[in-house]
Amino acid sequence: MRKFLMCVLVAAAGSASAQQAADAIAPEAASRGAFQGMSPAVGAAFAAKDAGKPVEAQNWMVAAANPLAVQAGADVLAAGGTAADALVAVQVMLGLVEPQSSGLGGGAFLVWYDAESGEITTIDGRETAPLAVTPTLFQDAAGEPLKFFDAVVGGRSVGTPGTPALLAEIHKRWGRADWASLLAPAIARAEAGFAVSPRLAQLVAGDAERLAQSDITAAYFMPDGAPVEAGEILVNQPYAETLKMLGEEGVGAFYAGDLAKSIVATVQGAKGNPGVLSEVDLAIYRVKERAAVCAPYRAHEVCGMGPPSSGALAIGQMLGMLEGYDLSAGPQDITVRRLMGDAARLAFADRGRYVADSDYVPVPVAGMIDPAYLTERGALLSGDDALPEVAPGTPAFDHALLWADDAAIELPSTSHISIVDGAGNVASMTTTIENGFGSRLMVGGFLLNNELTDFSFRSHQEGVPVANRVEPGKRPRSSMAPTIVLKDGAPVLAAGSPGGSRIIGYTTQAIIAVIDWGMDVQQAVGVPHAVNRFGTYDLEEGTDAATLAEGLGEIGYETGVRALTSGLHLIAIGDTLQGGADPRREGIALGD
Ligand code: GLY
């Protein structure tokens, strides 16, 4: 077994509140039983996480949501592979062991820092709407929006998957290892079986009724009619066969041929809620390189994915509005939370009005992150109380814009992977099948996404069209926010999280925790969450954040206390590498 050089930082003890958060929200702690025996490095990584300390390394680092996936990436990096190679290995393993969150049937966004050129590239592997959809896809006969799960479960919500094409693209651009070799560990694990994690078991049990709506999905997750249990060994031979085929033939075999026919038949044949995905949709799918969205913040450049994601724009807007304010009092300070909460509300107002797939609607990207515009919007935060009303602003634009506000429903799911390789390349990728277990349809051993429900269910409001309405070939607006932060042109932080539209708040807080609160990455991922998306100020139950309710209520916020299950995976890049894995989930960071 490879030896990992990994030491746990002992300085900089985690803040009391960060540790409290970890204690309060660590049902995942039980998962360690399943993973602890994997290797001494994995055991040490869990020990670091428990202690609220980052994992430190000199050469490379990988942080993701499941130790088996992290180990697959670590093995690639240790053998001299690039971050792109490792990303392929991590993603295909996640598709097996964390199938509810991401996989071949979904989509992803990658932000890449190339060490040789010093350039940031962003690749859009988002799902697309089938050519046969209409803007009323998620409306009933009376034009009213469907109930969320009526839209999600079945074929109607399935967009053309982008993840396989994205993996092939990044391997072609930046990979060095043999393609098939990157799929081999996941093939072996699928054939030998993997121990179901407590999180997966808990989610299967909670979703049994919906999973049961598809025979194939039910047979896999509830083999004897009952939900799989934690520790049970799950074999996925169809997934192994799919990966073998992709290893031998390349991802063209995903988008045409028998597998493509099976995907289409599964979507179009879904009981009660068929979809319109066709072989043509699969055949014409392409990933897109997009212009990165980079916004300045306190001598840093915060770079991420532009439209169809709203992630980098909303984060850039929040940080731009907060630039003029002192946040050093930290996460338990009511004024700091007021500033962050109202900056988020203002950013979400613009997001709901203006952001969609920029290939279909003109998005005022430059105007939205123009420092002058954000200074003007930030001036609205200068009072003492919550803003009584929040409305979209009027960023500078170069096309006429008249949109109604969006009505998309977004529930948390998804997974985030951060990787730094030995050459200094950085990969930050957020990957999803949308809702937990996606459309609940399974083919070839993987789940198909329900990404189309990230479109607005309403196509118009009072006769005015919604920018993020369903259209043929369009990509639904996302909140995914894979991020790379630069200082003086060099990367200093890779970050991102799952969590639906709360991704924006989770990731922004992590960046502020590092830059403004001086926290290391493990402290940053453990900070209790307080997230405002345009309505109730959500406070993380069982943590110090819940104690903010009274103070925030006094200045005018409606608050709610609830579980806020981020899945932040951060890598700080400096003289050494430091990795942080969210205490709310099962992931770890490994490095050498
Ligand atoms: N489906 C999660 C997102 O794209 O934001």
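Before reading on, note that the structure itself is shown above.
A quick note: this is a predicted structure, and the numbers were derived from the prediction, not measured.

### Observations concerning the sheet that holds strand 5 (residues 119-125)
For step 1, the next point in the chain: Pairing is antiparallel across the open sheet formed by seven strands, whose spatial order is 8-5-4-12-11-3-24. Both outer strands of the open sheet, strand 8 (288-290) and strand 24 (588-591), are each paired with one neighbouring strand and no more. Between one strand and the next, the sheet's axes are offset by a mean angle of 15°, whatever the strand orientation.
For step 2, the next point in the chain: Relative to strand 8, strand 5 is paired through three bridges, and the arrangement is antiparallel. When the sheet's bridge partners are listed, Thr122 is paired in strand 8 with Arg290.

### Describing the packing of aromatic side chains
For step 1, the next point in the chain: With the rule as written, the count across this model stands at 10 aromatic pairs.
For step 2, the next point in the chain: Judged by centre distance (4.5 Å) and plane angle (15°), the ring pair of Trp112 and Trp174 falls under stacked. Here Trp174 lies in helix 7 (residues 163-174) and Trp112 lies in strand 4 (residues 107-114), a separation of 62 residues in the sequence. For the pair shown, Trp112 and Trp174 are each scored as buried.
For step 3, the next point in the chain: Relative to Phe437, the ring of Phe221 has its centre 5.3 Å away and its plane inclined at 80°; by these criteria the two rings are edge-to-face. Placement of the pair is Phe221 in helix 11 (residues 215-221) and Phe437 in the loop between strand 12 (426-432) and strand 13 (442-443), with a sequence separation of 216 residues.

### Some remarks on the sheet that holds strand 19 (residues 530-532)
For step 1, the next point in the chain: Pairing is mixed across the open sheet formed by three strands, whose spatial order is 19-20-21. Bordering the open sheet on either side are strand 19 and strand 21 (559-562), each of which pairs with just one other strand. Geometrically, the sheet is characterised by an average inter-axis angle of 25° between neighbouring strands, direction not taken into account.
For step 2, the next point in the chain: Across four bridges, the pairing between strand 20 (residues 537-540) and strand 21 is parallel. Considered in strand 21, the bridge of Tyr537 is made with Thr559.
For step 3, the next point in the chain: Along the sheet, helix 17 (residues 334-354) contacts strand 19 and strand 20; its crossing angle with strand 19, the most-contacted strand, is approximately 30°.

### Describing the pairing of strand 5
For step 1, the next point in the chain: Among the seven residues of strand 5, five are classified as buried, and the element is accordingly described as predominantly covered.
For step 2, the next point in the chain: Bridge count for strand 4 against strand 5 is seven bridges, and the pairing is antiparallel. Bridge assignment links Leu110 to a residue of strand 5, and that residue is Ile123.
For step 3, the next point in the chain: With antiparallel pairing between neighbouring strands as the criterion, strand 4 and strand 5 make up a hairpin whose turn holds four residues, including Gly118 at a positive phi of roughly 75°.

### Side note on the state of the cysteines
For step 1, the next point in the chain: Enumeration according to the criterion identifies one disulfide in this entry.
For step 2, the next point in the chain: In this model, Cys294 is linked to Cys303 through a disulfide, with the two sulfur atoms separated by 2.1 Å. Disulfide Cys294-Cys303: the torsion about the S-S bond is 115°, which places it as right-handed.
For step 3, the next point in the chain: Take Cys303: its relative accessible area is 2%, and that puts it in the buried class.

### What to know about helix 16 (residues 311-322)
For step 1, the next point in the chain: Given a rise of 1.5 Å per residue, 12 residues ought to cover 16 Å, and the 17 Å separating the end C-alpha atoms of helix 16 matches this to within 8%.
For step 2, the next point in the chain: For helix 16, the buried fraction is high: 12 of the 12 residues fall into the buried class.
For step 3, the next point in the chain: Every buried residue belonging to helix 16 is among Gly311, Ala312, Leu313, Ala314, Ile315, Gly316, Gln317, Met318, Leu319, Gly320, Met321 and Leu322, and all of these are buried.

### So, the site of the ligand
For step 1, the next point in the chain: Around the ligand, the neighbouring residues are Arg126, Thr414, Thr432, Glu434, Glu451, Asp454, Ser478, Ser479 and Met480.
For step 2, the next point in the chain: Between an oxygen atom of the ligand and a side-chain N or O atom of Arg126, the distance comes to 2.8 Å.
For step 3, the next point in the chain: Protein burial of the ligand: of its 200 Å² of free accessible surface, 100% is covered by the chains.
For step 4, the next point in the chain: Considering only residue class, the shell around the ligand consists of one nonpolar, four polar and four charged.

### Quick look at the pattern of salt bridges
For step 1, the next point in the chain: For the structure on display, the rule yields 25 salt bridges.
For step 2, the next point in the chain: Across the pair Asp124 and Arg290 runs a salt bridge, and its minimum N-O distance is 2.9 Å. On the criterion of sequence distance, the pair formed by Asp124 in strand 5 and Arg290 in strand 8 is long-range, its members being 166 residues apart. The same class applies to Asp124 and to Arg290, which are both buried.
For step 3, the next point in the chain: The salt bridge involving Arg440 is made with Asp207; its shortest N-O contact spans 2.9 Å. Here Arg440 is found in the loop between strand 12 and strand 13, whereas its partner Asp207 is found in the loop between helix 9 (198-206) and helix 10 (208-211), with 233 residues between them in sequence.
For step 4, the next point in the chain: With a relative accessible area of 2%, Arg440 lands in the buried category.

### Some points on the packing of helix 16 against helix 19 (residues 371-379)
For step 1, the next point in the chain: Between helix 16 and helix 19, the shortest axis-to-axis distance is 8 Å and the interhelical angle comes to 65°. Put simply, helix 16 runs roughly perpendicular to helix 19. In this structure, helix 16 crosses over helix 19, and the sense of that crossing is right-handed. Only Tyr373, Leu374, Arg377 and Gly378 of helix 19 make contact with helix 16, whose side of the interface consists of Gly316, Gln317, Gly320 and Met321.
For step 2, the next point in the chain: A per-class count over the contact of helix 16 with helix 19 returns three nonpolar, four polar and one charged.

Conventions and cut-offs
- Residues numbered from 1 in each chain as written.
- Predicted model: local features only at pLDDT ≥ 70, side-chain atom pairs only at ≥ 80, totals over all residues.
- Heavy atoms only, no water.
- Pairing = 2+ DSSP bridges.
- Helix = DSSP H or I, 4+ residues; strand = E, 2+ residues; numbered from the N terminus.
- Axes fitted to C-alpha atoms, helices over the stretch in contact; angles between N-to-C directions.
- Phe/Tyr/Trp six-rings, centres within 6.5 Å; stacked < 30°, edge-to-face > 60°.
- Buried < 20%, exposed > 50% of the residue type's maximum accessible area, 1.4 Å probe, protein only.
- Contact = heavy atoms within 4.5 Å.
- Disulfide = S-S within 2.5 Å.
- Expected span 1.5 Å × (residues − 1).
- Near = heavy atom within 4 Å.
- Polar contact = N/O pair within 3.5 Å; in protein donor to acceptor, adjacent residues only side chain to side chain.
- Areas by Shrake-Rupley, 256 points an atom, 1.4 Å probe, with all protein chains shown as cover.
- Nonpolar A, V, L, I, M, F, W, Y, C, P; charged D, E, K, R; others polar.
- Salt bridge = Lys/Arg side-chain N within 4 Å of Asp/Glu carboxyl O.
- Parallel < 35°, antiparallel > 145°, perpendicular 65-115°, else oblique.
- Left-handed = near helix turned anticlockwise from the far one by under 90°.

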